[in-house]
Amino acid sequence: MDWQMIGALGETLGALGVILTLGYLASQIRSSRRQAQLHAGREARDRVTDFVQLVAGDGEVARIWRVGSTDPESLTPDEYVRLGALMMVLTSLFERVHHLGLAGEIDPYLLEGNAATRREIVVLQHLSDNSGSSRSETLA
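Here is what the cut-offs are and how they apply
Residues numbered from 1 in each chain as written. Predicted model: local features only at pLDDT ≥ 70, side-chain atom pairs only at ≥ 80, totals over all residues. Heavy atoms only, no water. Helix = DSSP H or I, 4+ residues; strand = E, 2+ residues; numbered from the N terminus. Buried < 20%, exposed > 50% of the residue type's maximum accessible area, 1.4 Å probe, protein only. Contact = heavy atoms within 4.5 Å. Areas by Shrake-Rupley, 256 points an atom, 1.4 Å probe, with all protein chains shown as cover. Phe/Tyr/Trp six-rings, centres within 6.5 Å; stacked < 30°, edge-to-face > 60°. Axes fitted to C-alpha atoms, helices over the stretch in contact; angles between N-to-C directions. Left-handed = near helix turned anticlockwise from the far one by under 90°. Nonpolar A, V, L, I, M, F, W, Y, C, P; charged D, E, K, R; others polar.

Q: What am I meant to see in the overall build of the chain here?
A: What the chain contains, in helices and strands, is six helices and zero strands. Taken across its 140 residues, the chain has 24% of its residues classed as buried. Taking the contacts inside the chain whose residues are at least 6 apart along the sequence as the reference set, 61% of them involve residues at least 24 apart. Working note: accessible area of the chain is about 9,900 Å², and carbon and sulfur atoms make up 60% of it.

If you want it as structure tokens, here you go:
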């Protein structure tokens, strides 16, 4: 075996080492991305859970949510503001999950759960009803 063969063997082994290292790095990146997806999913789920606990844990907030979902015109101006704040928080939560999904940073199961939850929540029809007077006109 001459020095040229030894050099070629060294280069081959070096190239194999680089290929193995790149494969290992690719698997680590996939694993890291998966962990980031799981973390983002858990964080989003926890925020939605916090919102539900807020509504369920406070009788006054629950009443405002229930009445606002069925008859927002009967709310006082202060209650109406609280209902609007609740709706903004909930919308922000859903928007966050949606954008995480568009970026591929969240699991598809969470996206489907988010969509199902949105379908289940009572939409405040009176807030977007164009046929009658709006609450803002009533309060003015």
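Q: What's the story with the packing of aromatic side chains in this structure? I'm lost.
A: For any pair of aromatic rings, the description rests on two quantities: the centre-to-centre distance and the angle between the ring planes. Scanning the model with the defined rule gives one aromatic pair in all. With a centroid separation of 5.7 Å and 75° between ring planes, the pair formed by Phe 51 and Trp 65 is classed as edge-to-face. In this pair, Phe 51 sits in helix α1 (residues 3-57) while Trp 65 sits in helix α2 (residues 59-70), placing the two residues 14 residues apart along the sequence. Here Phe 51 and Trp 65 have matching classes, each one buried.

Q: Looking at this structure, how should I read the packing of helix α3 (residues 77-102) against helix α4 (residues 108-120)?
A: Helices that pack against each other are described as a pair by the angle of their axes relative to one another and the distance between those axes. Remark: α3 packs on α4, axes separated minimally by 10 Å, with the N-to-C direction vectors making an angle of 145°. Read as a crossing pair, α3 and α4 show a hand that is left-handed. Between α3, through Phe 94, Val 97, His 98 and Gly 101, and α4, the contact on the second element is made entirely by Leu 110, Leu 111, Asn 114, Thr 117 and Arg 118. Taken together, the residues of the contact of α3 with α4 sort by class into four nonpolar, four polar and one charged.

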